[in-house]
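# Survey of secondary and tertiary structure
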Amino acid sequence: MDNNIELITGNEIRHKTYFENNYIVDSLIKGNKVSILTGGSKTGKSTLALQLANSVSKGIPFLNNNTIQCDVLYICLDNDEDLIAERLKLMNLEMDDSVVFCFNKNIVLEDTSSNQDDILLLEVVTETLISHPFLRLVIIDLFDNIRNLTIKTEANNVKDTEDMEYLKGIADGLKIHILLLNHDTKNGSQNGYCSSKGGVKLVGSCNGTYLHLIRSGIGQTSATLEVGGRNVKEEILQLHLNTTTLTYSLSEENINDDMPYEIGIIRNYIIKNNGYSGTISNLLQLTKLTIAANRASRLLNTHKDLLASEGITFSIDPSRSNGRIYTFQVEQKDDKDDTLCI
């Protein structure tokens, strides 16, 4: 057998200790990996990333998840220094020397141009490690800004995979975690994993966590953070944006582990409005859920008994094949507890 081929048994893998898999943020950011935070324009990706940097640098909880204190490098290519300074003041974030920012606009992933002013990402991170040996988290805002993209390579699956593999090599070699901020596609997608610009190849090449931030529009204070990825518990976090301080926090709504998040949101809406009659598509708009109508219908049918146990029943108008009318009724009880819990 070729000596260059290394084999390891399943039993050895199962019982081997991989220290690099330790979490930086419980359930969200772990190990020497590459993660992606994606969302539409102006949804608050940078806001969330700045909160993350602040929490990790101080070892304080981030969205109620414990963190391991470490240094953070924030490579800011999408905002100027004065805008970040103003943002930090609004957010009332008092950062210390554990967080360092780099605003050089000529940082590139790889040296593929003749521009002598270009600075390699690897050089930036390596230099930072000298002055900040406890650096473990690098945030790149935005991902596309460090890539040498052309019209031909902008939508190239091979280029996406190559860039991600290069980043994973940096993360593994320097024992750091890299979080990339990236835009959503303009048209969006019903499947959150396909929403990011670059799509399946980009997200599929990510070996860390995929975070998808959804906010319906300007002035809206509610948002959703979809969490998934390799060996990461999939969950949907309901967030609240404080428009004065521009900070995110977990919604006060409680989550019932026995009930899927989407069904819990629908349940709360129906109880608050003492019923509902109309299409599932309209119901999703009213509840601001982003899942497809056919998926919502399947979830409702699957958890029909669970809803009934909470006093909610529904029927479907059989006379319509398209845009079928669902009628929800709420059982009236004199001793009904008005507390909403999902």
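Here the structure is shown first, and the text comes after it.
Presented here is a report on the structure given in the accompanying data block. (Residues numbered from 1 in each chain as written. Predicted model: local features only at pLDDT ≥ 70, side-chain atom pairs only at ≥ 80, totals over all residues. Heavy atoms only, no water.)

We now examine helix H4 (residues 121–131). Along H4, the residues that are buried comprise Leu121, Val124, Val125, Thr128 and Leu129. The arc that holds every buried residue of H4, seen down its axis, measures 135 degrees, which confines them to one face. Residues of H4 that are exposed and angled more than 90 degrees away from the buried face: Glu127, Ile130 and Ser131. Residues of H4 that are buried sit in contact with strand E4 (71–76), strand E5 (99–102), strand E6 (107–108), strand E7 (119–120), strand E8 (135–141) and helix H5 (157–174). (Buried < 20%, exposed > 50% of the residue type's maximum accessible area, 1.4 Å probe, protein only. Helix = DSSP H or I, 4+ residues; strand = E, 2+ residues; numbered from the N terminus. Arc of directions from axis to C-beta. Contact = heavy atoms within 4.5 Å.)

Right, let's talk about the sheet that holds E8 for a bit. Reading across the sheet, the nine strands line up as E5-E4-E8-E9-E3-E10-E11-E12-E13 and stay open at both edges, with mixed pairing between neighbours. Edge positions in the sheet fall to E5 and strand E13 (247–250), since each of these pairs with one other strand and no more. Shown here is a sheet whose adjacent strand axes are inclined to one another by a mean of 25 degrees, direction ignored. Across four bridges, the pairing between E4 and E5 is parallel. If you follow Val72 over to E5, its bridge partner there is Val99. Together, strand E3 (34–39), E4, E5, E8, strand E9 (177–183), strand E10 (209–215), strand E11 (222–229) and E13 form the strand contacts of helix H2 (residues 45–58), whose direction differs from that of E4 by roughly 160 degrees. (Pairing = 2+ DSSP bridges. Axes fitted to C-alpha atoms, helices over the stretch in contact; angles between N-to-C directions.)

Turning our attention to the packing of aromatic side chains. A full pass over the atoms with the stated rule returns seven aromatic pairs. Arranged with centres 6.0 Å apart and planes meeting at 10 degrees, the rings of Phe101 and Phe103 form a pair that is stacked. Here Phe101 falls in the partly exposed class, since its relative accessible area comes to 26%. Ring pairs connect the aromatic residues Tyr269, Tyr276, Phe314, Tyr326 and Phe328, which therefore count as one cluster. (Phe/Tyr/Trp six-rings, centres within 6.5 Å; stacked < 30°, edge-to-face > 60°.)

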